[in-house]
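# Chain and residue survey
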Amino acid sequence: MVTPQKIEERLVALSKDVDEAQTFLESAEKEYHEAKTEYELGMAKARMALSGAGKLRVQDVQDAALIQNAEAYIRVNNAEATVKAARGNATRIRTQVDIARSVGTSVRSSLEL
């Protein structure tokens, strides 16, 4: 049976989950922005270096710059995936909090009858 005490315990546990999720999200966001900055700077340097290499199409310069920065590109994409997962987890926990609050309200109403 669901009791107000059980709901309260669940909300306290979810509060800790929210804190942990937020800390992880902050870390993931920082990693993403560091990786993105590294990648964009590397791409700019590579494009500048390739611009003096003769007559290359814009796409050729872009492709060569991307190849030179492949590791940074992979790191950016992995960091972005981590951020998206962390945001999804934070949303999931917030939803659980809302559900627990609703259940708690329902339980209290039932007990008053």
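Calculation rules
Residues numbered from 1 in each chain as written. Predicted model: local features only at pLDDT ≥ 70, side-chain atom pairs only at ≥ 80, totals over all residues. Heavy atoms only, no water. Helix = DSSP H or I, 4+ residues; strand = E, 2+ residues; numbered from the N terminus. Expected span 1.5 Å × (residues − 1). Buried < 20%, exposed > 50% of the residue type's maximum accessible area, 1.4 Å probe, protein only. Contact = heavy atoms within 4.5 Å. Patch = residues over 30% accessible without salt bridge, like charges linked within 9 Å, V, L, I, M, F, W, Y side chains within 5 Å. Areas by Shrake-Rupley, 256 points an atom, 1.4 Å probe, with all protein chains shown as cover. Salt bridge = Lys/Arg side-chain N within 4 Å of Asp/Glu carboxyl O. Polar contact = N/O pair within 3.5 Å; in protein donor to acceptor, adjacent residues only side chain to side chain. Core = buried A, V, L, I, M, F, W, Y, C linked by side-chain atoms within 4.5 Å. Phe/Tyr/Trp six-rings, centres within 6.5 Å; stacked < 30°, edge-to-face > 60°. Axes fitted to C-alpha atoms, helices over the stretch in contact; angles between N-to-C directions. Parallel < 35°, antiparallel > 145°, perpendicular 65-115°, else oblique. Left-handed = near helix turned anticlockwise from the far one by under 90°. Nonpolar A, V, L, I, M, F, W, Y, C, P; charged D, E, K, R; others polar.

### Quick look at helix α3 (residues 70-112)
- Taking 1.5 Å of rise per residue, the 43 residues of α3 would be expected to cover 63 Å, and the 63 Å separating its terminal C-alpha atoms lies within 8% of that figure.
- All of the buried residues along α3 are A72, V76, A79, V83, A86, A90, I93, V97, A100, G104 and V107.
- Along its buried surface, α3 packs onto α1 (4-51).

### Here's the deal with a nonpolar patch on the surface
- Taken together, the side chains of V2, I99 and V103 define a hydrophobic patch exposed on the protein surface, amounting to about 230 Å² of accessible area.
- Counting through the fold element by element, V2 comes out in the segment before α1.
- For V2, a relative accessible area of 44% corresponds to the partly exposed category.

### Regarding the side chain of N69
- Turning to its location among the elements, N69 is positioned in the loop between α2 (58-68) and α3.
- N69 gets classed as buried once you look at its relative accessible area, which sits at 11%.
- Engagement of the side chain of N69 in a polar contact is seen with the backbone oxygen of A65, the distance being 2.8 Å.
- Non-local contacts of N69, meaning those with residues more than four positions away in its chain, are made with Y39, G42, M43 and A46.

### Topic: the nonpolar core
- Residues Y32, Y39, A65, V76 and V83 are the most contacted members of the largest nonpolar core, which totals 15 residues.
- The dominant element in this core, judged by the number of residues it contributes, is α1, at eight residues.
- Setting aside chain neighbours within four positions, we find A65 in contact with M43, A46, R47 and L50.
- Listed in part, the six residues of the second largest apolar core include L14, A21, A90 and A100.

### Comments concerning the packing of aromatic side chains
- Using the criterion set out here, one finds one aromatic pair in the structure.
- Both rings, one in Y39 and one in Y73, keep their centres 5.4 Å apart while their planes meet at 45 degrees; by these two values the pair is tilted. Note that Y39 is positioned in helix α1 and Y73 in helix α3, a separation of 34 residues in sequence.
- The buried category is assigned to Y39, whose relative accessible area is 16%.
- On the basis of relative accessible area, Y73 is assigned to the partly exposed category, the value being 36%.

### Let's talk about the packing of α1 against α3
- Taken N-terminus to C-terminus, the directions of α1 and α3 make an angle of 165 degrees; their axes are 8 Å apart at the nearest point. Between α1 and α3, the angle falls in the class roughly antiparallel. Crossing of α1 against α3: the hand is left-handed.
- Looking at side-chain class alone, the contact of α1 with α3 contains 25 nonpolar, five polar and 13 charged residues.

By themselves, these are just geometric observations and shouldn't be taken as functional.
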